[in-house]
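So you can see what is in the structure, the chains are spelled out below.
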Amino acid sequence: MAGPSPTDPASLFREMLGQWEAMANEFGGNLMKSGEFTRVMHGANAANMKIKEARADMMERALDAANMPTKAEVADLSARLHRIEATVDRIESMLAAQTGQSTTPDRPKPKRTRKPPQNKATG
């Protein structure tokens, strides 16, 4: 007895999903074209920027109250330190060139006095 073949449920689901996606794309496209959507998005972006500014201001005041530097101040100090180190390196190389010494100074290495802890189970 050969009756009509059963329909594939996965095929029906794929077709339904495709139709839903097409309708959602059309609805979203029409929505984004409207001036109201543009105004709402502009307002949301402006509110987001104000929140970020307020949060940065609050963080700066909190760090100032705790007598701690901000991220920008630490970055500025780091850049200044790099410039100072570069200047010192240039001065050292000029002095070494005048005295005829090597440009790599022989600096003492730290002593290795620490020993690893002894394991009581094996020791």
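Here, residues in each chain are numbered from 1, in the same order as that chain's written sequence. Under the rules for a predicted model, residues below a pLDDT of 70 receive no local features and side-chain atom pairs below 80 are neither given nor counted, while totals for whole chains, interfaces and linings still include all residues. Only hydrogens and water are removed before side-chain values are computed, so all heavy atoms of the structure are retained for them.

Visitor: How should I be thinking about a negative patch on the surface in this particular structure?
Guide: On the surface, Glu60, Asp64, Glu73 and Asp76 cluster together into a negatively charged patch. Secondary structure elements follow DSSP: runs of H or I no shorter than four residues count as helices, runs of E no shorter than two count as strands, and numbering proceeds from the N terminus. Secondary-structure elements contributing two or more residues to the negative patch are helix 2 (35-65) and helix 3 (71-99). Here aspartate 64 lies in helix 2. Classification of residues uses two cut-offs on accessible area relative to the type maximum, computed with a 1.4 Å probe and protein chains only: under 20% is buried, over 50% is exposed, and between them is partly exposed. In this structure aspartate 64 comes out as exposed when scored by relative accessible area, which is 60%. For patch detection, residues must exceed 30% relative accessible area and be free of salt bridges, and they are connected within 9 Å for like charges or within 5 Å for nonpolar side chains (Val, Leu, Ile, Met, Phe, Trp, Tyr). Surface exposure here means Shrake-Rupley accessible area, sampled with a 1.4 Å probe, where a residue is shielded only by the protein chains that are shown. The rule for a salt bridge is simple: a side-chain nitrogen of Lys or Arg has to be within 4 Å of a carboxyl oxygen of Asp or Glu. Two residue types count as positive, namely Lys and Arg, and two as negative, namely Asp and Glu; His and chain ends fall outside the count. To locate a charge, take atom NZ for lysine, CZ for arginine, CG for aspartate or CD for glutamate.

Visitor: I would appreciate a short explanation of the environment of alanine 56 in the present structure.
Guide: Structurally, alanine 56 can be placed in helix 2. Residue alanine 56 is classed as partly exposed on the basis of its relative accessible area, which comes to 44%. Distance from alanine 56 to threonine 70, taken between C-alpha atoms, is 9.9 Å for residues 14 residues apart in sequence.

Visitor: What is the right way to look at the pattern of salt bridges in this model?
Guide: Oppositely charged side chains are able to pair whenever their charged atoms sit close together. A complete count under the given rule lists two salt bridges for this structure. The partner of aspartate 57 in a salt bridge is arginine 61, and the shortest N-O contact between them spans 3.0 Å. Residue aspartate 57 and its partner arginine 61 are both found in helix 2; the two are separated by four residues, about one turn of the helix.

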